[in-house]
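Structure at a glance
Here is what each chain is made of, one letter per residue.
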Amino acid sequence: GEDVEQSLFLSVREGDSSVINCTYTDSSSTYLYWYKQEPGAGLQLLTYIFSNMDMKQDQRLTVLLNKKDKHLSLRIADTQTGDSAIYFCAESDQAGTALIFGKGTTLSVSS
Amino acid sequence: DAGVTQSPTHLIKTRGQQVTLRCSPKSGHDTVSWYQQALGQGPQFIFQYYEEEERQRGNFPDRFSGHQFPNYSSELNVNALLLGDSALYLCASSRRGQTNTEAFFGQGTRLTVV
């Protein structure tokens, strides 16, 4: 079945780049997603990438997709303390209905 | 636009009791999905409602049931609560036929079962 794996923790200093990695199993997923969750809050869609793309850039965010290895990464340039949160990688299920989430990567940014 | 609203924000229930959580979708959305997020885990899909019917269900027991009303709002009911049902319950709304790129999540309801 579908499964999404992520590293659990990442700690960086303010101003550095952060790279959060994810592997997924369902190669039929049309889109792959990155969500952000701040303490006590719901999920915010940060960005997504269409499966036929290798890279997508959106301001400080860069998403890289390696379909052959089923590997997705999110790079945050010039990381700020306000970027401290849990980041979830997600794919769609085979029906394209449900989102399948990883366990989340906790990003801690120190000043 | 108020976005997706969920109520209540927090509640505490006792084992064996029943609970009802509510979700109002974003304006213009007609599809509601429910997710359970246990502590330290990613959200897990419970089910999705469209046109007042359950359209797809995740791997959850029958104790979890739902309803969608003609105004597209939805309820999640959980019977015979277990300690393991303690979690953040998230509602997401979208428009039928759209991908999840257009789905919006509410802030969630934090359920604690004691």
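What this report covers is the structure whose coordinates are included nearby. (Residues numbered from 1 in each chain as written. Chains lettered and ligands numbered in written order. Predicted model: local features only at pLDDT ≥ 70, side-chain atom pairs only at ≥ 80, totals over all residues. Heavy atoms only, no water.)

Regarding the environment of methionine 53 of chain A
Residues and elements named next belong to chain A. Residue placement: methionine 53 occurs in the loop between β5 (44-50) and β6 (55-58). Taking the relative accessible area as the measure of exposure, methionine 53 reaches 31% and is therefore partly exposed. Here the alpha-carbon distance between methionine 53 and asparagine 66, two residues 13 residues apart in the chain, equals 9.0 Å. (Helix = DSSP H or I, 4+ residues; strand = E, 2+ residues; numbered from the N terminus. Buried < 20%, exposed > 50% of the residue type's maximum accessible area, 1.4 Å probe, protein only.)

Structural notes on the sheet that holds strand β7 (residues 61-66) of chain A
Strand pairing within a sheet occurs via backbone hydrogen bonds; the two strands may be parallel or antiparallel. Residues and elements named next belong to chain A. Taken together, the 5 strands give an open sheet; going across it, the order is β1-β3-β8-β7-β6, and neighbouring strands pair in antiparallel fashion. Each edge of the sheet is formed by a strand with only one pairing partner; in this case those strands are β1 (4-6) and β6. Here the strands of the sheet are splayed against their neighbours by 15 degrees on average, with no regard to which way each runs. As judged from the 3 bridges shared by β1 and strand β3 (residues 18-24), these two strands associate in the antiparallel manner. Looking at β3, one finds that glutamine 6 is bridged to cysteine 22. (Pairing = 2+ DSSP bridges. Axes fitted to C-alpha atoms, helices over the stretch in contact; angles between N-to-C directions.)

Regarding the pairing of strand β3 (residues 19-24) of chain B
Residue and element names in this part refer to chain B. Alignment of strand β1 (residues 5-7) against β3, held across 3 bridges, turns out to be antiparallel. Pairing of serine 7 across the sheet is with arginine 22, part of β3. Pairing of β3 with strand β8 (residues 74-78) involves 5 bridges; the strand directions are antiparallel. Residue pairing across strands places leucine 21 opposite leucine 76, the latter belonging to β8.

Some words on the pairing of strand β9 (residues 85-92) of chain A
Residue and element names in this part refer to chain A. Counting buried residues in β9 gives 7 out of 8 residues, a clear majority hidden from the surface. Where strand β4 (residues 31-37) and β9 come together, 6 bridges link them in antiparallel fashion. Looking at β9, one finds that tyrosine 35 is bridged to phenylalanine 88. As defined by bridge partners, β9 adjoins strand β11 (residues 105-110) across 3 bridges and the pair is classed as antiparallel. Each residue of the ladder has a partner; that of isoleucine 86, found in β11, is threonine 106. Sheet analysis places β9 next to strand β10 (residues 99-101), joined by 3 bridges and oriented antiparallel. Note on β10: the bridge partner recorded for glutamate 91 is isoleucine 100. What sits between β9 and β10 in their antiparallel hairpin is a turn of 6 residues, with glycine 96 showing a positive phi close to 75 degrees.

Considering the interface of chain A and chain B
In this complex, chain A contributes 20 residues to the contact, which on the side of chain B involves 17 residues. Counting the contacts that link chain A with chain B gives 0 salt bridges. At the boundary of chain A with chain B, the tally comes to 6 residue pairs in polar contact (both at pLDDT 80 or more). Of all elements in the fold, only β4, β5, β9 and β10 of chain A reach the threshold of two or more residues within the side of chain A that touches chain B. The leading source of residues in the side of chain A that touches chain B is β4 of chain A, at 4 residues. Of the residues that constitute the side of chain A that touches chain B, the class distribution is 12 nonpolar, 6 polar and 2 charged. (Contact = heavy atoms within 4.5 Å. Salt bridge = Lys/Arg side-chain N within 4 Å of Asp/Glu carboxyl O. Polar contact = N/O pair within 3.5 Å; in protein donor to acceptor, adjacent residues only side chain to side chain. Nonpolar A, V, L, I, M, F, W, Y, C, P; charged D, E, K, R; others polar.)

Focus: the sheet that holds β8 of chain B
All names here are of chain B. A sheet is described by the order of its strands in space; here 4 strands give the open sequence β1-β3-β8-β7, paired in antiparallel fashion. Because the sheet does not close on itself, it has two edges, and the strands there are β1 and β7 (64-68). The mean inter-strand angle of the sheet, taken between neighbouring strand axes irrespective of direction, is 20 degrees. As paired strands, β7 and β8 are joined by 5 bridges and run antiparallel to one another. Looking across to β8, one finds that glutamine 68 is bridged to serine 74.

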